[in-house]
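Chains, contacts and geometry: an overview
One letter stands for each residue in the lines below.
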Amino acid sequence: MSRAINISETVQVVTDACERHAVAFTTMEPLESGGTRVVCLNSDGADLLRRKMKTKILSGPVVRSGLYASRGARRV
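These lines cover the structure that appears in this document, whether it is placed above or below. Within every chain, residues take consecutive numbers counted from 1 along the sequence as written. The predicted origin of the model limits local features to residues at a pLDDT of at least 70 and limits the giving and counting of side-chain atom pairs to 80 or more, whereas totals for whole chains, interfaces and linings rest on all residues. By convention in this description, side-chain values take in all heavy atoms of the structure and omit both hydrogens and water.

Concerning the sheet that holds strand β3 (residues 36-40)
Counted only if it meets this: Strand pairing is defined by DSSP finding a minimum of two bridges between the two strands. Think of it this way: any DSSP run of H or I at least four residues long counts as a helix, any run of E at least two long counts as a strand, and we number them from the N terminus. Between the N-to-C directions of two axes lies an angle of 0 to 180 degrees, each axis being a line fitted to C-alpha atoms and, for a helix, fitted only over the stretch in contact. Should any heavy atoms of two residues lie within 4.5 Å, those residues are considered in contact.
With antiparallel pairing, the three strands of this open sheet are ordered in space as β1-β3-β2. Each having just a single partner strand, β1 (4-7) and β2 (25-30) make up the two edges of the open sheet. Pairwise comparison of adjacent strand axes, ignoring direction, gives a mean angle of 15° for this sheet. In this structure, β2 lies alongside β3, joined through five bridges in antiparallel fashion. Each bridged residue has a counterpart across the sheet, and for T27 the counterpart in β3 is V39. Running over the sheet, helix α1 (residues 11-20) touches β1, β2 and β3 and is turned about 160° from β2. Those strands touched by helix α2 (residues 43-52) are β1 and β3, and its axis lies near 20° from that of β1.

Written out as structure tokens, the structure is:
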């Protein structure tokens, strides 16, 4: 399963959820189409985040910014 998740929440809300559930991520970026894309460090963290935010997961294509620079790795 993919470590990348598109969530219909702000970057701050997703960051708070990752910290609250001890989910480490490598990249987080706002989506031009609305929401946030997060790439978790491992599949276990991605599965946990999917379960905790299941009603907010975006399905289908999203628009990402070609100009966005990654925040880099963040460990919880």
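Some words on the state of the cysteines
Quick reminder of the rule: For this text, the term disulfide refers to a pair of cysteine sulfurs within 2.5 Å. The rule is simple: take the accessible area with a 1.4 Å probe, protein chains only, and divide by the maximum for that residue type; under 20% is buried, over 50% is exposed, in between is partly exposed.
Considering all chains together, one arrives at zero disulfides under this definition. Of all cysteine sulfurs in the structure, the one in C40 sits closest to C18, which takes part in no disulfide; the separation is 5.7 Å. Looking at C18, the relative accessible area reads 0%, which means it is buried.

So, the nonpolar core
The condition that has to hold: Nonpolar core, defined: a set of buried Ala, Val, Leu, Ile, Met, Phe, Trp, Tyr and Cys residues in which side-chain atoms within 4.5 Å join the residues together.
In this structure, I5, I7, C18, V38 and L49 are the most contacted members of the largest nonpolar core, which totals 13 residues. Sort the elements by how many residues they give to this core and α1 lands first, with three residues. Here V38 is in contact with R3, A4, I5, I7, V14, F25, T27, M28 and L49, once residues within four sequence places are set aside.

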